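# Coordinate analysis (summary)
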Amino acid sequence: MSNKITAKTITDSEFFYGHKACAGCGGSLAVRIALKVLGEGAISVLPAGCMSAVGFNYPHLCFSNNSIISTFAGTASMLTGVEAGARAVGIKNFKAVGLAGDGGTADIGIQALSGAIDRNDDILYICYDNEAYMNTGIQKSGLTPFGAKTTTTPSGENIHGNLRPKKNLFEIVAAHDIPYAATASIGNLPDFINKIEKASKIKGTAYIHVVAPCPIGWGIPVNETIEIARKMMDCGLWYLAEYENGKFKLNKNPSDFSSIEDYLLAQGRFKHLEAADIEILALQRDTKWATIRKNWNNIQEEL
Amino acid sequence: MSKPYLRPYQKPQKLSDYPLGTASEAGYLVTKNSGWRNERPIITDECINCLQCYLYCPDGVIFKTEDGLDIDYDFCKGCGICEKICPKQAIKMEVE
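I will try to describe carefully the structure that is included in this document. Residue positions within a chain follow its written sequence, with the count starting from 1. Working convention: letters from A go to chains and numbers from 1 go to ligands, in the order in which they are written. Restriction of local features to residues with pLDDT of at least 70 applies here, the model being predicted, together with a cutoff of 80 or more for giving and counting side-chain atom pairs; totals for whole chains, interfaces and linings are based on all residues. Side-chain figures throughout are based on the complete set of non-hydrogen atoms in the structure, without hydrogens or water.

Let us now look at the interface of chain A and chain B. Any two residues whose heavy atoms approach within 4.5 Å are treated as being in contact. With 42 residues of chain A at the interface, the matching set in chain B holds 36 residues. In short, buried area is how much 1.4 Å probe accessible area vanishes from two parts on joining, totalled over both. Here chain A packs against chain B, burying approximately 3300 Å² in sum over the two surfaces, 57% of which is carbon and sulfur. By convention in these notes, a salt bridge is any Lys or Arg side-chain nitrogen within 4 Å of a carboxyl oxygen on Asp or Glu. At the boundary of chain A and chain B, one finds three salt bridges. In this structure, Asp12(A) engages Lys64(B) in a salt bridge whose closest nitrogen and oxygen atoms are separated by 3.3 Å.

The following block contains the structure:
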């Protein structure tokens, strides 16, 4: 495709600027890029979470498109209302987009999201996944991976961080038979940009799950946000996939994985893991990939 | 090209100066983020204009100019992602 949006062709305008996110914040990069692709017609809805905390500090308001803060649980239902309202008053060329964190999506907002997909409202829901409730000081969410240390899943002698695996939200959303769902990572922005572009043209509900590392919560230096997001994909703990027309599609099928230890032990939240814990994570990864490779159609080779 | 920009702000003096609701003008910046920074990125002549730093900057402070790229130091937090992402090591971090 020749009309793909690239770094050269993407708009120079910034719609999320001067915000108070921590240095090296992955979530703010996801929001910035998403709004750059959607343009000024985007009407964004942000629930309680980092991006509303850093974007709206009256009188310092960092979104230059129309934006509103929703209740924590109500991102998707407010999107429904925004879309219906904008249509009713005759606004043209707009896109109602939700920008919620992992807690606001997988735990607190899942009922509203499920309802919106059920009604097939014409909205785009983007979940930036930093794998814990970072805004309130790093508490475990449904998307916190196995073994990760948070303030509510501390690591001690007997229990080594979070006991439960990461909720598989992408497939939960796909199970609603949604018109379009995708996973992405800020480690691969061209892929993320394509998926937003594609999702914005979908009639009906679209969902994008983008991994956005948090230097503070993950225990990494602030300049390594992108690198750790790439390592996460390379070691197989995250995959780039799409769900469309009732079919799953893997965008990238690596022939071998990089070292899972390298990825885990580079982060403060996994420093306490022992060989046996890493073994469990590696086993979960291998089981997951075996299922993906066996069941998902149209598997593509390297992008 | 447009983006939120710095504007003057005066604290409300009397009751009628206060906003009536919770809605307010979008893209209205009143403070800088430059004080957060210990190091500032400098784009050197090695730059090949590949735009990776522009794309991956979480704050969007790197912008295109007629002859390359420039940085808005008012809002750069000095995270150093641009230095890491640069394929030509053309960005150097300089202690403030």
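Scanning all chains against the criterion turns up 26 salt bridges over all chains. Here Lys84(B) ties to Glu224(A) by a salt bridge, and the two come within 3.5 Å at their closest N and O atoms. Here Lys84(B) is found in helix H2 (residues 81-85), whereas its partner Glu224(A) is found in the loop between helix H8 (215-218) and helix H9 (225-234) on a different chain. On the accessibility criterion, Glu224(A) (19% relative accessible area) is buried. The salt bridge partner of Lys32(B) is Asp74(B), with a shortest N-O separation of 3.6 Å. Residue Lys32(B) is found in the loop between strand E2 (28-29) and strand E3 (39-43), and its partner Asp74(B) is found in the loop between strand E5 (68-71) and H2; the two are separated by 42 residues along the sequence. Assessed through its relative accessible area of 45%, Lys32(B) is described here as partly exposed. A single network of salt bridges, built from pairs that share partners, joins Asp129(A), Glu131(A), Lys166(A) and Arg269(A). Going along the chain from the N terminus, every DSSP run of H or I of four or more residues is numbered as a helix, and every run of E of two or more is numbered as a strand. Only protein chains enter the accessibility calculation, which uses a 1.4 Å probe; a residue whose area is less than 20% of its type maximum is buried, one above 50% is exposed, and one in between is partly exposed.

Another aspect to go through is unusual backbone geometry. Residues and elements named next belong to chain A. Between tyrosine 58 and the following residue, proline 59, the backbone shows a cis peptide bond with an omega angle of 5°. With respect to the helices and strands, proline 59 occurs in the loop between strand E2 (56-57) and strand E3 (60-61). Not every positive phi belongs to a glycine, and asparagine 93 is a case in point at roughly 50°. Tracing the backbone shows asparagine 93 in the loop between helix H3 (75-88) and strand E5 (95-101). Unusually for a residue other than glycine, asparagine 245 sits at a positive phi of about 50°. Among the residues examined, asparagine 245 registers a relative accessible area of 70% and is labelled exposed.

Our next topic: the pairing of strand E10 (residues 247-250) of chain A. Residue and element names in this part refer to chain A. Covered by surrounding structure in E10 are Phe248 and Leu250 only, the residues Lys247 and Lys249 on the alternate face being uncovered. By the bridge criterion, four bridges tie strand E9 (residues 241-244) to E10 in an arrangement that is antiparallel. Bridge assignment links tyrosine 243 to a residue of E10, and that residue is phenylalanine 248. Count of turn residues in the E9/E10 antiparallel hairpin: two residues, of which asparagine 245 carries a positive phi of about 50°. Any two strands between which DSSP finds at least two bridges are classified as paired.

Angle between the axes and distance between the axes are the two parameters that describe a pair of packed helices. All names here are of chain A. Think of each axis as a best-fit line through the C-alpha atoms, taken over the contacting stretch in the case of a helix, with angles from 0 to 180 degrees between the N-to-C directions. In contact at an axis separation of 6 Å, H3 and helix H5 (residues 110-119) are set at 40° when each is read in the N-to-C sense. One element, H3, and the other, H5, form an angle in the oblique class. In this structure, H3 contributes Ala76, Ser77 and Thr80 to the contact, and H5 contributes Ala112, Leu113, Ala116 and Arg119. Here the contact of H3 with H5 is built from residues that sort into four nonpolar, two polar and one charged. By the definition adopted for this analysis, an angle is roughly parallel if under 35 degrees, roughly antiparallel if over 145, roughly perpendicular if from 65 to 115, and oblique otherwise. Amino acid classes used here: Ala, Val, Leu, Ile, Met, Phe, Trp, Tyr, Cys and Pro are nonpolar; Asp, Glu, Lys and Arg are charged; the rest, including Gly, are polar.

The next thing to look at is the sheet that holds strand E8 (residues 206-211) of chain A. Residues and elements named next belong to chain A. Taken in spatial order, the eight strands make up an open sheet running E4-E1-E5-E6-E8-E7-E9-E10, and their pairing is mixed. The two strands at the open ends of the sheet, each matched to only one other strand, are strand E4 (66-69) and E10. Adjacent strand axes in the sheet meet at a mean angle of 20°, parallel and antiparallel pairs treated alike.

Below, the discussion takes up helix H11 (residues 275-295) of chain A. Residue and element names in this part refer to chain A. Expected span of a helix, by definition, is 1.5 Å for each gap between consecutive residues, and there is one gap fewer than residues. With 21 residues, H11 ought to run about 30 Å at 1.5 Å a step, and its terminal C-alpha atoms sit 30 Å apart, in line with that. Among all positions in H11, only Asp277, Ile278, Leu281, Ala282, Arg285, Trp289 and Ile292 are buried. Looking down the long axis of H11, one finds its buried residues gathered within 135° of arc, a one-sided arrangement. Exposed and facing more than 90 degrees away from the buried side of H11 are Ala276, Glu279, Leu283 and Lys294. Tucked inside the fold, the buried residues of H11 contact E10 and helix H10 (260-265). The arc under discussion is defined with respect to the helix axis, by the directions toward the C-beta atoms.

Moving on, we get to the nonpolar core. If you look at the biggest cluster of nonpolar residues, it comprises 86 residues, and the most contacted ones within it are Leu35(A), Met51(A), Leu124(A), Ile186(A), Phe192(A), Trp218(A) and Ile62(B). Among residues more than four places away in sequence, those in contact with Ile186(A) are Gly26(A), Leu29(A), Ala30(A), Val210(A), Val211(A), Ala212(A), Pro213(A), Thr225(A), Ile226(A), Ala229(A) and Tyr56(B). Counting 32 residues, the second largest nonpolar core, distinct from the first, contains Ala96(A), Val173(A), Ala174(A) and Trp289(A). By nonpolar core is meant a set of buried Ala, Val, Leu, Ile, Met, Phe, Trp, Tyr and Cys residues that side-chain atoms within 4.5 Å join together.

Let's shift gears to the side chain of Asp72(B). In this structure, Asp72(B) sits in the loop between E5 and H2. Positive: Lys, Arg. Negative: Asp, Glu. His and the chain ends are not part of the count. Buried within the structure, Asp72(B) lacks any salt-bridge partner; Lys3(B) is the closest side chain of opposite charge, at an N-O distance of 4.6 Å. Residues within four places of Asp72(B) in sequence aside, it is in contact with Tyr17(A), Val61(B) and Phe63(B).

On their own, these measurements won't tell you what the molecule is for.
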